[in-house]
Amino acid sequence: MPFITCDEFNGVPSYMKSRLTYNQINDVIKEINKAVISKYKILHQPKKSMNSVTRNLYHRFIDEETKDTKGRYFIVEADIKEFTTLKADKK
């Protein structure tokens, strides 16, 4: 996912700008990208080279795929918890 630009951030309504800063939004995007990279690194890894923990993650990723997500990059909340330091809060 690309980072937001200053022009895009300036187009956000002011009531929303007070909730998150430009840097906070891009930090979240960086963490989401890290989760996507980590997940798909495991999915493209040879199964023989996986340890049991990685193999369990691999099978969970495969089970989460649906016909709508097949062939697309996606993450779920569990992936964010597994691969990032993000905390879910009201923001």
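Up top is the structure these notes are about.
Just so you know, these numbers come straight off a predicted model, no measurement behind them.

So, how was this worked out
- Residues numbered from 1 in each chain as written.
- Predicted model: local features only at pLDDT ≥ 70, side-chain atom pairs only at ≥ 80, totals over all residues.
- Heavy atoms only, no water.
- Helix = DSSP H or I, 4+ residues; strand = E, 2+ residues; numbered from the N terminus.
- Rg over C-alpha atoms; globule rule 2.2 N^0.38 Å.
- Areas by Shrake-Rupley, 256 points an atom, 1.4 Å probe, with all protein chains shown as cover.
- Lys, Arg positive; Asp, Glu negative; His and termini not counted.
- Charge placed at Lys NZ, Arg CZ, Asp CG, Glu CD.
- Buried < 20%, exposed > 50% of the residue type's maximum accessible area, 1.4 Å probe, protein only.
- Polar contact = N/O pair within 3.5 Å; in protein donor to acceptor, adjacent residues only side chain to side chain.
- Contact = heavy atoms within 4.5 Å.
- Core = buried A, V, L, I, M, F, W, Y, C linked by side-chain atoms within 4.5 Å.
- Salt bridge = Lys/Arg side-chain N within 4 Å of Asp/Glu carboxyl O.
- Expected span 1.5 Å × (residues − 1).
- Arc of directions from axis to C-beta.

Trainee: I'm lost on the overall build of the protein in this one. Help?
Mentor: The helix and strand inventory of the protein stands at 5 helices and 0 strands. Moving toward the C terminus, one meets the helices and strands of the protein in the order α-α-α-α-α. Taken against the 2.2 N^0.38 rule, which gives 12 Å for 91 residues, the C-alpha radius of gyration of the protein at 16 Å runs more than 25% over that of a compact globule. A principal-axis box enclosing the C-alpha atoms of the protein has dimensions of 50 × 25 × 20 Å. Split by element, the accessible area of the protein, about 7100 Å² in all, is 56% carbon and sulfur. A gap of 3 Å separates the mean positions of the 17 positive and 12 negative side-chain charges of the protein.

Trainee: Explain the side chain of Asn26 to me, please; I cannot follow it from the model alone.
Mentor: Along the chain, the position of Asn26 falls in helix 3 (residues 22-43). What makes Asn26 buried here is its relative accessible area of 10%. A polar contact of 2.9 Å, which involves the side chain of Asn26, links it to the backbone nitrogen of Ile4. Residues in contact with Asn26, not counting those within four places in the same chain, are Phe3 and Ile4.

Trainee: Explain the nonpolar core here, please?
Mentor: Nonpolar side chains tend to gather and get buried jointly when the protein is soluble and globular. Counting residues in hydrophobic clusters, the biggest one holds 10 residues: Ala35, Tyr40, Ile42, Leu43, Met50, Leu57, Tyr58, Phe61, Phe74 and Phe83. Residue assignment for this core shows that the elements contributing at least two residues are helix 3 and helix 4 (52-64).

Trainee: Hey, could you run me through the pattern of salt bridges in this one?
Mentor: Opposite charge on two side chains makes pairing possible when the charged atoms of those side chains draw close. Throughout the structure, instances matching the rule amount to 7 salt bridges. Here Arg60 makes a salt bridge to Glu64, at a shortest N to O gap of 3.9 Å. Placement of the pair is Arg60 and Glu64 together in helix 4, with a separation of 4 residues, close to one helical turn. Taken together, the shared-partner salt bridges connect Lys39, Arg60, Glu64 and Asp79 into one network.

Trainee: Can you walk me through helix 4 in this structure?
Mentor: Because the α-helix completes a turn every 3.6 residues, residues three or four places apart line up on one side. Look at helix 4: 18 Å from first C-alpha to last across 13 residues, which is about the 18 Å you get at 1.5 Å a residue. Among the residues of helix 4, those classed as buried are Thr54, Leu57, Tyr58 and Phe61. Down the axis of helix 4, the smallest arc covering the buried residues is 105°, so these residues share one side. When the buried face of helix 4 is taken as reference, the exposed residues oriented beyond 90 degrees from it are Asn56 and Asp63. Taken together, the buried residues of helix 4 touch helix 3 and helix 5 (77-83). One side-chain oxygen at the N-terminal end of helix 4 lies 3.2 Å from the backbone nitrogen of Val53; it belongs to Asn51.

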